[in-house]
Structure formats: C-alpha cells, structure tokens
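A look at the structure
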Amino acid sequence: MRRVLSVCAVAGIASSVFAVPASAKVGYYVIRWDNTGICQIWNEDLRYKPTEWPSTYKVVSKSFPTFTAANDVQLKLRAERRCTL
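Please read all numbers here as calculations on a predicted model, not as lab measurements.

This part takes up the sheet that holds strand β2 (residues 39-43). By definition, the strands of a sheet pair up through backbone hydrogen bonds, in either a parallel or an antiparallel sense. Pairing is antiparallel across the open sheet formed by 3 strands, whose spatial order is β2-β1-β3. The sheet is open, and its two borders are formed by β2 and β3 (57-59), each paired with just one other strand. Averaged over neighbouring strand pairs, the angle between their axes works out to 35° when direction is ignored. Examined bridge by bridge, strand β1 (residues 28-33) and β2 share 5 bridges and lie antiparallel to one another. Within β2, the residue paired with Tyr28 across the bridge is Asn43. Along the sheet face, helix α2 (residues 67-79) touches β1 and β2 and points at about 165° away from the line of β2.

The next point concerns the packing of aromatic side chains. Here the structure, examined in full by the defined rule, presents 2 aromatic pairs. A ring pair is formed by Tyr28 and Phe67, whose centres lie 5.8 Å apart and whose planes are at 85°; its orientation type is edge-to-face. With Tyr28 in strand β1 and Phe67 in helix α2, this residue pair connects regions lying 39 residues apart in the sequence.

This paragraph deals with the confidence of the model for the protein. Taken as a whole, the protein shows an average pLDDT of 79; of its residues, 71% reach a score of 70 or greater. Below a pLDDT of 50 lies the segment residues 7-23, which in the model reaches 0 contacts outside its immediate sequence neighbourhood of four places, other chains included.

One can find Gln74 in helix α2. A relative accessible area of 6% means that Gln74 is categorised as buried. One polar contact links the side chain of Gln74 to the main-chain carbonyl oxygen of Cys39, over a distance of 2.8 Å. If sequence neighbours within four positions are ignored, Gln74 has contacts with Val30, Cys39, Gln40, Ile41 and Leu85.

Each value, and the rule that gives it
- Residue indices follow the written sequence of each chain, beginning from 1 at its first position.
- Side-chain atom pairs in this predicted model are given and counted only at pLDDT of 80 or more, local residue features only at pLDDT of at least 70, and totals for whole chains, interfaces and linings cover all residues.
- As a convention, hydrogens and water are excluded, and side-chain values are obtained from all of the structure's heavy atoms.
- Two strands are said to pair when DSSP picks up at least two bridges between them.
- Think of it this way: any DSSP run of H or I at least four residues long counts as a helix, any run of E at least two long counts as a strand, and we number them from the N terminus.
- Under this scheme, a helix contributes an axis fitted over its contacting stretch, all axes are lines through C-alpha atoms, and angles between N-to-C directions fall in the 0 to 180 degree range.
- Contacts between residues were defined by any pair of non-hydrogen atoms, one from each residue, lying within 4.5 Å.
- Ring geometry is summarised as follows: Phe, Tyr and Trp rings, the Trp one being its six-membered ring, pair when their centres sit within 6.5 Å, and such pairs are stacked at plane angles under 30 degrees, edge-to-face over 60 and tilted between the two.
- pLDDT measures the predictor's confidence residue by residue and takes values from 0 up to 100.
- Burial classes follow relative accessibility: with a 1.4 Å probe on protein chains only, a residue under 20% of its type's maximum area counts as buried, one over 50% as exposed, and anything between as partly exposed.
- Within 3.5 Å is the distance limit for a polar contact, defined as a pair of N or O atoms, with the added protein rule that one can donate a hydrogen and the other accept it, and that residues adjacent in sequence qualify only through two side-chain atoms.

Structure representation (structure tokens):
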C-alpha cells in the first residue's frame, strides 16, 4: 500500500513539473497603434486581441516572458522615437 501511495505521489509531482512549462509560454509583446504611434504592452494570456477600431495595430517586438522585459523594449522604442508614448 505504501508503494502505491509513493508511486502516486511521485507521478503527481512529475505531472505538475511538466505542466509548468506549458503555462510559462504566455508572455508579453509590444504593439504599435497606426493612427497615433503609441506603443502598448499586450499580454498574450488575455482572452481577446486588442480591438482594431478606429485604428489598427502592428506587433513590433517578439514575445517576452515578463512584463519588465517588454517594458524595457517599449522604453527603447520611445528613445529611438519609433513610438510617441
């Protein structure tokens, strides 16, 4: 009985380890609105994409694992004057 319980515990821990990387894929990216030039950080985990009315947007960065990394890119784009805000 103890062996079965131990095997179940190990299997549960192992399955949780494999589940973490799947959720770690969610990240942040920087989008730029066409009509204003404003750059915004968008979370891929959100259920809906940004509404493209009255303007459209373009993704201007790769996906980043943390908000801080995406914010650094957004600040760099502002310094390069590729974003207005």
